[in-house]
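# Examination of the molecular architecture
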Amino acid sequence: MAVYTKESKLSEPIFEDPSIVAVINRFGFYLGVGDRTIAESCRINNIDVDFFLAIINTYLNPEYLPVKIIERKYLDMVAEYLEKTDLYYRDIQLPNIDRHFNLLIRNEMQDKNGDDRLSNLSLLNKFYQEVKNDLQQSITKELEFWLPLIRNDHEEAIRMIRIGEGEIKGVKFDLPFDHTSLEDKVRDLISFFVVHLKGVRNHNLCMAVVSAIFILEKDIRQNNRIRNRIFRPLCEK
């Protein structure tokens, strides 16, 4: 896969993988990027270009190693990026899935005059609600505990990271570097739709739900690389 540099056009990674739009939105870039290079765009928006390149290359390229991001200042930058990512999941992606899923369920119930015995949508929705709850809990712990601690009391954060967990008022918090369990649960949800779905008539709405869940799974998976290759090394310095 391509590795983008300061001289690359900002449009190039978007053409490679449109899912990067959600990532660059977190830096204040939106569609209509023009013909500017990444360096020019970052200078205009007052963004550290090395950090921006580390994020987008790590997100897009499984082989990329962000070796330049070693200074303490980058810890605050990645914490801010992850905060925006969490808020995007909570305020944009999950409500988008909810809207499509609820519309699909209502549509199917109307088509079948309220009889959903031939469909397993209610079972899939129950599993989705469990996955959503796990993601929301993870977001809350990160926004209310880990990110403030890392920003405001780095030494205490390092201590907790070294012992392998955080704890406050008797409640333990998993480390914020690995969302593999969330990846697995979202992937299982997709598998349920792909392999086990039955009794659904509105395939366009169903595709909208599955597509939205695919996008969420991909974003979680690729941001996991950012957590492990950028965030973890900075926190452990």
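Here, the structure is the one placed above.
Heads up: these notes are all about the structure in this document. For clarity, every value in this text was computed on a predicted model and none was experimentally measured. (Residues numbered from 1 in each chain as written. Predicted model: local features only at pLDDT ≥ 70, side-chain atom pairs only at ≥ 80, totals over all residues. Heavy atoms only, no water.)

### Topic: the overall build of the chain
Rules: Strands here are runs of E lasting at least two residues and helices are runs of H or I lasting at least four, both read from the DSSP assignment and numbered beginning at the N terminus. Throughout this description, buried means an accessible area under 20% of the type-specific maximum (1.4 Å probe, protein chains only), exposed means over 50%, and partly exposed covers the range between. By definition, residues are in contact when any of their heavy atoms lie within 4.5 Å. Accessibility throughout is a Shrake-Rupley quantity obtained with a 1.4 Å probe, and a residue counts as covered only by protein chains that appear here.
Helix and strand content of the chain: 9 helices and 2 strands. For the chain, the succession of helices and strands along the chain, N to C, is α-α-α-α-α-α-α-β-β-α-α. Evaluated residue by residue, the chain yields a buried proportion of 46% over its 237 residues. Sequence separation of at least 24 residues holds for 74% of the intrachain contacts in the chain that already meet a minimum separation of 6. Per element, the accessible surface of the chain, about 12400 Å² overall, is 52% carbon and sulfur.

### As for the nonpolar core
Worth spelling out the cut-off: To define a nonpolar core, start from buried Ala, Val, Leu, Ile, Met, Phe, Trp, Tyr and Cys residues and group those joined through side-chain atoms within 4.5 Å.
Residues Phe27, Ile38, Phe52, Ile56, Val78 and Phe193 are the most contacted members of the largest nonpolar core, which totals 66 residues. Of all the secondary structure elements, the ones that give two or more residues to this core are helix H2 (20–25), helix H3 (38–44), helix H4 (49–60), helix H5 (73–111), helix H6 (121–152), helix H8 (180–196) and helix H9 (203–235). Contact partners of Phe27, with chain neighbours within four places excluded, come to Asn45, Ile47, Phe51, Phe52, Ile55 and Tyr81.

### Regarding the packing of H6 against H8
For any two helices packed against each other, the geometry comes down to the angle between their axes and how far apart the axes lie. We count it as follows: Axes here mean lines fitted to C-alpha atoms, for a helix over just the part in contact, with angles spanning 0 to 180 degrees between N-to-C directions. Orientation labels follow simple angle bins: below 35 degrees gives roughly parallel, above 145 gives roughly antiparallel, 65 to 115 gives roughly perpendicular, and whatever is left gives oblique. With the far helix as reference, a near helix turned anticlockwise by less than a right angle produces a left-handed crossing, and one turned clockwise produces a right-handed crossing. When residues are sorted by character, Ala, Val, Leu, Ile, Met, Phe, Trp, Tyr, Cys and Pro go into the nonpolar class, Asp, Glu, Lys and Arg into the charged class, and all the rest, Gly among them, into the polar class.
For the pair H6 and H8, the least separation of the axes is 10 Å and the interaxial angle reads 165°. It follows from the interaxial angle that H6 and H8 lie roughly antiparallel. Seen along the crossing, H6 lies across H8 with a hand that is left-handed. Facing H6, whose interface residues are Leu121, Leu124, Phe127, Tyr128, Val131, Asp134, Leu135 and Ser138, H8 presents Leu182, Lys185, Val186, Asp188, Leu189, Phe192 and Phe193. Partitioned by chemical class, the residues of the contact of H6 with H8 number 11 nonpolar, 1 polar and 3 charged.

### Observations regarding the environment of Asn45
Relative to the assigned elements, Asn45 resides in the loop between H3 and H4. Separated by 18 residues in sequence, Asn45 and Phe27 place their C-alpha atoms 8.4 Å apart. Discounting residues that sit within four places of it in the chain, Asn45 has contacts with Phe27, Gly28 and Phe29.

### Focus: the layout of surface pockets
Unfilled space is identified by rolling a water-sized probe across the atoms. Formally: Think of a 1 Å grid over the protein atoms and nothing else: a 1.4 Å probe that fits but is trapped marks a cavity, an open set flanked by protein within 12 Å on at least five of seven lines marks a pocket, and residues with an atom within 4 Å of a point count as lining. Grid points are joined across faces, edges and corners, and a volume is the space filled by probe spheres set on the points.
Roughly 210 Å³ of volume is contained in the second largest pocket. Taken together, 14 residues form the lining of the second largest pocket, with Ala22, Tyr88, Gln93, Ile215 and Leu216 sitting closest to its centre. At the level of elements, H5 and H9 are the ones that each hand at least two residues to the lining of the second largest pocket.

### A look at unusual backbone geometry
For Asn46, which is not glycine, the phi torsion reads 55° and is therefore positive. The exposed category is assigned to Asn46, whose relative accessible area is 73%.

### Digging into the packing of aromatic side chains
Threshold: Geometry of aromatic contacts follows a simple scheme: Phe, Tyr and Trp rings, the Trp one being its six-membered ring, pair when their centres are within 6.5 Å, and the pair is stacked under 30 degrees between planes, edge-to-face over 60, tilted otherwise.
In total, this model carries 9 aromatic pairs according to the counting rule given. Among the aromatic residues, those joined into a cluster by ring pairs are Phe27, Phe29, Phe51, Phe52, Tyr74 and Tyr81.

### Remarks on the pattern of salt bridges
To keep things clear, this is the line we draw: One side-chain nitrogen of Lys or Arg within 4 Å of one carboxyl oxygen of Asp or Glu is enough to make a salt bridge.
Evaluation of the coordinates by the stated rule reveals 15 salt bridges. Two residues, Lys73 and Asp48, come together in a salt bridge whose shortest N-O distance is 3.5 Å. Of this pair, Lys73 sits in helix H5 while Asp48 sits in the loop between H3 and H4, and the two are 25 residues apart along the sequence. According to the relative accessible area criterion, Lys73 is partly exposed, its value standing at 39%. Across the pair Lys132 and Asp98 runs a salt bridge, and its minimum N-O distance is 3.1 Å. Here Asp98 lies in helix H5 and Lys132 lies in helix H6, a separation of 34 residues in the sequence. Residues Lys132 and Asp98 agree in their burial class; the two are buried.

### Side note on the environment of Cys206
Tracing the backbone through its elements, the reader meets Cys206 in helix H9. Residue class for Cys206 comes out buried when judged on its relative accessible area of 8%. Spatially, the C-alpha atom of Cys206 lies 6.6 Å from that of Leu104, the residues being 102 residues apart in sequence. If we skip the residues at most four places from it in the chain, Cys206 touches Leu104, Phe193, Leu197 and Val200.

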